[in-house]
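# Coordinates in review
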Amino acid sequence: MMTRKIKLWDINVHITCHLCNGYLIDATTVTECLHTFCRSCLVKYLEENNTCPTCRIVIHQSHPLQYIGHDRTMQDIVYKLVPGLQEAEIKKQREFYYKLGMEVPGDIKGETCSAKQHLDSHRNGETKPDENSNKETSEEKQEEDNDYHRSDEQVSICLECNSSKLRGLKRKWIRCSAQATVLHLKKFIAKKLNLSSFNELDILCNEEILGKDHTLKFVVVTRWRFKV
Ligand SMILES: [Zn+2]
Ligand SMILES: [Zn+2]
């Protein structure tokens, strides 16, 4: 396979916000014209305006804020392309809360994470799960690390089943390393429910299917932060 190196400089224009000239943070896209900005920049701008800052199209006469949406794909790309950006953003937010003397939200605390994440598990496959599938054998035994990632930052998740074809987990509250990925979770659920393949299920957060390579930390930072 041929690889081609591209300079970050050349793609900067596509991953920066035209309002603050910084890299996109919490990328938010105008549904009408698909121009993307940082969420905070765009929301602030739309308090006084109802047009897109880039192309000036009228987003909506009176409720422009209802016609913009979080752009996960774009934010994923930005975080992937710009080394250290995600970490720097988390650090910045942490400092912001400290400065205001406010409690730092669990998802950016950096130690034990107390954010309760609501992930809905859902499956499309046909296989009927076996009733006697509750061998609570811990998969963590296979982990190489001696502490089973317990010293990692932790996340607490509630896995709610939203498919009638699938019974819920016996224990829907789980706590695991923030470094675990959505794929880990899928494998875990598939094992618990005796599914023939983890591809039979999707994990959703805020009604959105989560990519399998996302770490739970990433999910918390990008999906949970602005949840009302
Ligand atoms: Zn911005
Ligand atoms: Zn536009």
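As recorded by an unreviewed UniProt entry, the protein chain carries the name Polycomb group RING finger protein 3 and is attributed to Strigops habroptila. Under the heading Subcellular location (unreviewed entry), UniProt records this for the protein chain: "Nucleus".

### Some remarks on the pairing of strand β1 (residues 27-30)
Each regular strand shows side chains that alternate between the opposite faces of the sheet. Neither face of β1 is open: one carries A27 and T29, the other T28 and V30, and all of them are buried. Of the pairings in the sheet, the one linking β1 to strand β2 (residues 36-38) comprises three bridges and is antiparallel in character. Bridge pairing in β2 places T28 opposite F37. Counting the residues that bridge the hairpin from β1 to β2 gives five residues, and of these L34 lies at a positive phi of roughly 65°. Looking at chain direction, β1 and strand β3 (residues 68-70) are connected through three bridges and run antiparallel. Directly across from T28, in β3, lies its bridge partner H70.

### Examining the sheet that holds β1
With antiparallel pairing, three strands are arranged side by side in an open sheet as β2-β1-β3. Both outer strands of the open sheet, β2 and β3, are each paired with one neighbouring strand and no more. Direction aside, neighbouring strands of the sheet carry axes that sit 35° apart on average. Relative to the sheet, helix α2 (residues 39-48) contacts β1, β2 and β3, its axis offset from that of β2 by approximately 95°.

### Concerning the pattern of salt bridges
Scanning all chains against the criterion turns up five salt bridges. With a closest N to O distance of 2.6 Å, E160 and K172 form a salt bridge. On the criterion of sequence distance, the pair formed by E160 in strand β5 (residues 154-161) and K172 in the loop between β5 and β6 (173-177) is long-range, its members being 12 residues apart. Accessibility expressed as a relative area gives 30% for K172, which makes it partly exposed.

### Let's talk about helix α5 (residues 182-192)
V182, L183, L185, K186, I189, A190 and K192 are the residues of α5 that are buried. Backbone geometry just after α5 places N194 at a positive phi near 55°.

### Here's the deal with the coordination of the zinc ion (ligand 1)
For the zinc ion (ligand 1), the protein coordination sphere consists of C17 (SG), C20 (SG), C38 (SG) and C41 (SG), at 2.3 to 2.4 Å. Considering all four donor atoms around the zinc ion (ligand 1), the spread of angles at the metal, 104 to 117°, places the coordination shape in the tetrahedral class. Binding-site remark: the zinc ion (ligand 1) is held by donors from one chain whose sequence spacing is C-x2-C-x17-C-x2-C. Within this pair, whereas C20 is found in the loop between α1 (8-15) and β1, its partner C41 is found in helix α2, the two being separated by 21 residues in sequence. Judged by its relative accessible area of 38%, C20 is partly exposed.

### Concerning the pairing of β5
Burial runs high along β5: six of the eight residues are buried. As judged from the five bridges shared by β5 and β6, these two strands associate in the antiparallel manner. Residue pairing for β6: I157 is matched across the bridge by I174.

### What to know about the environment of H184
Looking at where H184 falls in the secondary structure, it is placed in helix α5. Take H184: its relative accessible area is 44%, and that puts it in the partly exposed class. H184 sits 28 residues away from K212 along the chain, and the two C-alpha atoms are 8.2 Å apart. Polar contacts involving the side chain of H184 include one to the main-chain amide nitrogen of T181, which spans 2.9 Å.

Conventions used here
- Within each chain, residue numbers correspond to sequence positions counted from 1 in written order.
- As they are written, the chains are lettered A onward and the ligands numbered 1 onward, keeping that order.
- Local features in this predicted model are restricted to residues of pLDDT 70 or higher, and side-chain atom pairs are both shown and tallied only at a pLDDT of 80 or more, whereas totals for entire chains, interfaces and linings draw on every residue.
- Only hydrogens and water are removed before side-chain values are computed, so all heavy atoms of the structure are retained for them.
- UniProt positions are given in the numbering used here, feature names are shortened, and annotations may be inferred rather than shown by experiment.
- Whether a residue is buried, partly exposed or exposed follows from its accessible area with a 1.4 Å probe, protein chains only, as a fraction of its type maximum: under 20%, in between, or over 50%, in that order.
- By the criteria applied, helices consist of DSSP H or I runs no shorter than four residues and strands consist of E runs no shorter than two, each listed in order from the N terminus.
- Strand pairing requires that DSSP identify at least two bridges connecting the strands.
- Axis definition: a line fitted to C-alpha atoms, limited for helices to the stretch in contact. Angles are taken between N-to-C directions and run from 0 to 180 degrees.
- The contact definition used throughout considers only heavy atoms, calling two residues in contact when any of these lie within 4.5 Å.
- Any Lys or Arg side-chain nitrogen found within 4 Å of a carboxyl oxygen on Asp or Glu counts as a salt bridge.
- In this listing, donors mean N, O and S atoms no farther than 2.8 Å from the metal, or 3.2 Å for Na, K and Ca; water is missing from the atoms, so a site can look incomplete.
- A four-donor site is called tetrahedral if each angle lies between 85 and 135 degrees; a four-donor site is square planar, and a six-donor site octahedral, when trans pairs exceed 155 degrees and the remaining angles lie between 65 and 115; all other cases are labelled irregular.
- Think of a polar contact as two N or O atoms within 3.5 Å of one another; within protein, one of them needs to be a possible hydrogen donor and the other a possible acceptor, and neighboring residues in sequence only count if both atoms come from side chains.

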